[in-house]
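Listed here are the chains, written in short residue letters.
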Amino acid sequence: MKLFSRFLADFVMVAGLSAHPLAAGNMNINLDGAEGLGGLGDLLGALGGSGSGSNGAGGLGDLFGALGGSASGRGEKGQCVSNCVMEKSASVPKLRIRPYSNGCSVPDFLSSGLGDYTHFTSCCHLHDACYMTCGTSQKFCDSEFHKCMKNECKKKFRSSVSVEQKSCRELADTFMVGVSVFGCGGFVDTQSEGCDCVSDAKEAKQRVKEYASDFYDTYNGTHALPDTILNKYFTYDVQTTSLEERDKKHGELLFRLYNKYQKSIDVVSTTGKGDRTGKVVRFEKTKGNLKQEQV
């Protein structure tokens, strides 16, 4: 989760949470059934801010302005979008690129107060991969991240009424707010790192199909990409299907593949400290033979 630490740290340095109190009601964040924002309140309290009492969006506007969130990566409706969407082009994966992750990154001054969140590590890896998945949206990735964390809470704490599961779910809500509010710049950067913008619809369709087929050959190891998947995601008419719908289909397929074959994610760190700047890892068509190249 390369983004949480970066944006929280920048915000504390540039704006200061005490000057910009945030209330969940002013953020327009869908927490998919969040039980409460106790974790968020603790988080904001630890930063010297307030989890309630904001009477307008001025502070949030200043926040996004300070971090480049409002001017960079936000479309006409204020939603976070990739550069390809801004260019009205299709987003397609770069040649056999592997997504990567550095785990759950939280600022050092916050990590001790949040308790144990190591059970979210696999969710953080998948969230990083989703941000690099061509055709997805930040909203989709953050929602999948939230679902993943809540599932981990259920698995770790079996009793739904236990104090431990409630605390775990509140922590998941806190992480969700963190990436939703502070993640746009990182989403845009990671999309640019992993995706090419292609204006020709037929070319984009063919490139995504080739990538998905090569990926499946490599990580499944025994079977080609099933016809049922090919028919579901690639039988559309490029003349009558909108760019938004084409991207959504491609993004859903690629994310499904990364989720199913999580060994495809290049884990550079599990603590949020590493990065892969300046190089890219590609998978080869032969099974499990990875090659690292400079870009």
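Draft legend 1. Inspection of helix 7 (residues 138–156) at higher detail. With 19 residues, helix 7 ought to run about 27 Å at 1.5 Å a step, and its terminal C-alpha atoms sit 27 Å apart, in line with that. The complete set of buried residues in helix 7 reads Gln138, Cys141, Asp142, Ser143, Phe145, His146, Cys148, Met149, Lys150, Glu152 and Cys153. The inward-facing, buried residues of helix 7 contact helix 6 (121–131), helix 8 (163–182) and helix 9 (184–194).

Draft legend 2. Geometry of the state of the cysteines. Scanning all chains against the criterion turns up seven disulfides. Shown here is the disulfide that connects cysteine 104 with cysteine 124, its sulfur atoms set 2.0 Å apart. Measuring handedness by torsion sign, the sulfur bridge of cysteine 104 and cysteine 124 sits at about 100° and is right-handed. Separated by 20 residues along the polypeptide, cysteine 104 in the loop between strand 2 (100–101) and helix 5 (108–114) and cysteine 124 in helix 6 bring together distant segments of the chain. Across the pair, cysteine 124 and cysteine 104 agree in class, each one buried.

Draft legend 3. Representation of the pattern of salt bridges within the structure. Across all of its chains, the model carries eight salt bridges by this definition. Lysine 155 is the salt-bridge partner of glutamate 152, the closest N and O atoms lying 2.9 Å from each other. With glutamate 152 and lysine 155 both in helix 7 and three residues apart, the pair spans about one turn of that helix. Residue classification places glutamate 152 among the buried positions, given a relative accessible area of 15%. The partner of lysine 166 in a salt bridge is glutamate 170, and the shortest N-O contact between them spans 2.6 Å.

Parameters at a glance
- Residues numbered from 1 in each chain as written.
- Predicted model: local features only at pLDDT ≥ 70, side-chain atom pairs only at ≥ 80, totals over all residues.
- Heavy atoms only, no water.
- Helix = DSSP H or I, 4+ residues; strand = E, 2+ residues; numbered from the N terminus.
- Expected span 1.5 Å × (residues − 1).
- Buried < 20%, exposed > 50% of the residue type's maximum accessible area, 1.4 Å probe, protein only.
- Contact = heavy atoms within 4.5 Å.
- Disulfide = S-S within 2.5 Å.
- Salt bridge = Lys/Arg side-chain N within 4 Å of Asp/Glu carboxyl O.

The values are spatial; any link to function lies outside them.
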